[in-house]
Amino acid sequence: PIRLLARRMVTFSIVVPSLAQDLGNGLAALSSDALGVGQAAQACEGSSSDVDGVVGTQALGADVLDAGALEHGTDGAAGQNAGTGGSGTHQDAACAVLADDLVSTLALARNCPLLAAPAMNLQMWSNPATQRNVATLRSDGIALLGPASGDQACGEVGLGRMIEAEEIVEDVVAFFQPKHLAGKCVLMTAGPTFEAIDPVRGITNLSSGKMGFALARAAREAGADVTLVCGPVSQATPRGITRINVASALKMHAEVMQRIAGQDVFIGVAAVADYRPATPSAQKIKKDGSGDVPAMDFVENPDILAGVAQSDQARSGKLYCVGFAAESHDLLKHASAKRLRKSVPLLVGNIGPATFGKDDNALLLIDD
Ligand code: C5P
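The rules we used
- Residues numbered from 1 in each chain as written.
- Predicted model: local features only at pLDDT ≥ 70, side-chain atom pairs only at ≥ 80, totals over all residues.
- Heavy atoms only, no water.
- Helix = DSSP H or I, 4+ residues; strand = E, 2+ residues; numbered from the N terminus.
- Contact = heavy atoms within 4.5 Å.
- Pairing = 2+ DSSP bridges.
- Axes fitted to C-alpha atoms, helices over the stretch in contact; angles between N-to-C directions.
- Near = heavy atom within 4 Å.
- Polar contact = N/O pair within 3.5 Å; in protein donor to acceptor, adjacent residues only side chain to side chain.
- Areas by Shrake-Rupley, 256 points an atom, 1.4 Å probe, with all protein chains shown as cover.
- pLDDT = per-residue confidence, 0-100.
- Buried < 20%, exposed > 50% of the residue type's maximum accessible area, 1.4 Å probe, protein only.
- Core = buried A, V, L, I, M, F, W, Y, C linked by side-chain atoms within 4.5 Å.
- Parallel < 35°, antiparallel > 145°, perpendicular 65-115°, else oblique.
- Nonpolar A, V, L, I, M, F, W, Y, C, P; charged D, E, K, R; others polar.
- Salt bridge = Lys/Arg side-chain N within 4 Å of Asp/Glu carboxyl O.

Considering the environment of Glu255
Right, so step 1: The residue Glu255 is located in helix 12 (residues 249-257) in this model.
Right, so step 2: Along the chain, Glu255 and Asn245 lie 10 residues apart, while their C-alpha atoms are 9.4 Å from each other.
Right, so step 3: When residues no more than four places from it in sequence are discounted, the contact partners of Glu255 are Val229, Ile244 and Val246.

Brief notes about the sheet that holds strand 10 (residues 265-268)
Right, so step 1: In space, the seven strands of this open sheet follow the order 9-8-5-10-13-14-15, with mixed pairing throughout. Edge positions in the sheet fall to strand 9 (242-245) and strand 15 (364-367), since each has one partner strand and no second. Geometrically, the sheet is characterised by an average inter-axis angle of 15 degrees between neighbouring strands, direction not taken into account.
Right, so step 2: Where strand 10 lies against strand 13 (residues 320-327), four bridges are found, and the strand directions are parallel. Its bridge partner lying in strand 13, Ile267 is registered against Val322.
Right, so step 3: Here helix 15 (residues 331-342) sits on the sheet and contacts strand 13, strand 14 (346-351) and strand 15; the angle it forms with strand 14, its principal contact strand, is near 150 degrees.

Digging into the site of the ligand
Right, so step 1: In the neighbourhood of the ligand, the contacting residues comprise Gly268, Val269, Ala270, Val272, Pro302, Asp303, Ile304, Leu305, Gly323, Phe324, Lys338 and Lys342.
Right, so step 2: In the model, a nitrogen atom of the ligand is placed 2.9 Å from a nitrogen or oxygen of the Pro302 main chain.
Right, so step 3: In the environment of the ligand, a nitrogen atom lies 3.0 Å from a nitrogen or oxygen atom belonging to the backbone of Ile304.
Right, so step 4: In the complex, the protein chains occlude 86% of the 440 Å² of accessible area that the ligand would expose alone.
Right, so step 5: For the shell around the ligand, the secondary structure elements donating two or more residues are helix 13 (304-309), strand 13 and helix 15.

Description of the confidence of the model for the protein
Right, so step 1: For the protein, the average pLDDT comes to 80, and 74% of its residues sit at 70 or higher.
Right, so step 2: Contacts from residues 14-20, a stretch scored under 50 in pLDDT, to residues over four places away or in other chains number four contacts.
Right, so step 3: With pLDDT under 50 throughout, residues 29-94 is counted as low confidence; its partners more than four residues away or in other chains account for 90 contacts.

Looking at unusual backbone geometry
Right, so step 1: In the segment running from Gly146 into Pro147, the intervening peptide bond is cis, with an omega of 5 degrees.
Right, so step 2: Looking at where Pro147 falls in the secondary structure, it is placed in the loop between strand 2 (143-144) and strand 3 (148-151).
Right, so step 3: Positive phi values are uncommon outside glycine, yet Asp330 reaches one of about 45 degrees.
Right, so step 4: Take Asp330: it is sitting in the loop between strand 13 and helix 15.
Right, so step 5: Judged by its relative accessible area of 44%, Asp330 falls in the partly exposed class.
Right, so step 6: Here the phi dihedral of Ser343 falls at roughly 55 degrees; this positive angle occurs in a residue that is not glycine.

Observations regarding the nonpolar core
Right, so step 1: Judged by nonpolar contacts, the single largest core of 21 residues is most densely connected at Val229, Val256, Phe266, Val308, Leu319 and Cys321.
Right, so step 2: If you list the elements that add at least two residues to this core, you get helix 12, helix 13 and strand 13.
Right, so step 3: A per-element tally of this core places helix 13 first, with four residues.
Right, so step 4: When residues no more than four places from it in sequence are discounted, the contact partners of Val229 are Leu187, Met188, Thr189, Ala190, Ile244, Val246, Met252, Glu255 and Val256.
Right, so step 5: Among the nonpolar cores identified, the runner-up in size contains 19 residues, and Val186, Ala216, Leu228 and Leu346 belong to it.

Thoughts on the packing of helix 10 (residues 165-175) against helix 11 (residues 210-221)
Right, so step 1: Close contact between helix 10 and helix 11 brings their axes to 8 Å; oriented N to C, the two are set at 60 degrees. Between helix 10 and helix 11, the angle falls in the class oblique. Facing Glu170, Asp171, Val173 and Ala174 of helix 10, the residues of helix 11 in contact are Arg217, Arg220 and Glu221.
Right, so step 2: Per-class residue counts for the contact of helix 10 with helix 11 are two nonpolar, no polar and five charged.

Comments concerning the pattern of salt bridges
Right, so step 1: Tallying each qualifying case throughout the model produces 11 salt bridges.
Right, so step 2: Its salt-bridge partner being Arg239, residue Asp171 comes within 2.8 Å of it at the nearest N-O pair. Remark: Arg239 occurs in the loop between strand 8 (225-230) and strand 9 and Asp171 occurs in helix 10; sequence separation between them is 68 residues. Summarising the burial analysis for this pair, Asp171 and Arg239 share the class buried.
Right, so step 3: For Asp359, the salt bridge identified is with Lys210, shortest N-O distance 2.9 Å. Of this pair, Asp359 sits in the loop between strand 14 and strand 15 while Lys210 is found in helix 11, placing the two residues 149 residues apart along the sequence.

This is the structure we're talking about:
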């Protein structure tokens with residue numbers, strides 16, 4: 001995950017295991033009803049004269065601290081009163097901060113976004129005090145990653161699990177991407193299709209789904225609501241994406257067509273089979289020893305991209321359609337012709353054999 005972050009040019013901090021406890025305490029403190037204003041103020045005071053940035057710490061701290069409690073002094077008692085809804089006029093304010101360890105102090109002293117991945121027991125998570133503080137964190141612009149639902153260390157099952165490390169990486173990467181597609185709905189196809197010959201055989205192709213899945217991930221990182229209709233692939237579903245698995249082109253076509261209403265963008269990345277066996281056998285076709293090969297008729301599959309591009313939504317300009325072309329030669333010529341044939345405003349060309357299953361690719365974008 002760290003290599004991935006580095007490759008995506010994301011700056012990150014590594015918390016060494018011995019600080020893990022501090023991290024837990026720090027985040028727990030951020031979501032705690034208890035107010036330790038005195039400690040927070042002390043932590044700020046102690047270093048404000050030495051380091052320029054720490055002046056900011058105090059200011060930032062004061063921003064989220066209960067102002068009344070700050071006025072009333074820096075001893076721990078003031079904090080405790082505030083936490084229990086004590087008598088001070090300002091102490092009913094929602095803000096509560098305890099910054100008596102490294103991580104929570106750093107959380108206050110930062111001038112960068114803060115993301116937190118909560119990890120706690122389901123009762124703790126659903127406790128109104130926690131939820132109040134979660135709302136405060138969110139309204140302060142702090143992003144919460146998760147929690148997930150599932151088995152907990154205490155033996156209970158429910159909401160509160162920390163999301164997996166890989167999911168945190170995905171969310172952190174997504175957080176820092178410009179949100180060019182915020183509020184947009186993107187429908188995509190990816191992978192190959194599988195056209196059954198009989199219950200155990202079929203016709204498919206070498207599409208790995210990598211391109212479609214990478215684009216789906218990128219669209220989600222750019223803020224889109226992404227639905228991915230995909231053929232049989234072994235790609236992991238990117239976080240936050242609605243995935244619909246299909247096998248045949250007919251099924252892919254049906255799933256796409258019933259979802260285009262309300263979409264802003266359609267991207268057809270799938271390598272859809274052009275033809276399917278006209279009458280797949282209900283039983284496995286057996287070799288009879290005669291040496292005769294079975295006869296097989298084919299029918300043409302619907303062109304999903306062309307169909308979507310001809311919809312009222314696309315023709316009225318409400319739905320932007322993007323197609324892909326995998327060619328073996330004369331990329332510009334063939335891809336340009338394909339763009340016109342499919343009536344799409346943008347077609348992405350690539351050299352098929354140099355592309356399938358690869359992590360890196362070169363693309364030619366052709367628009368009007
Ligand atoms: O005609 P060709 O298959 O080369 O066109 C490729 C583009 O058309 C891709 O965007 C692919 O997803 C889309 N396509 C489709 N339905 C088909 C065939 C291709 O959506 N039946």
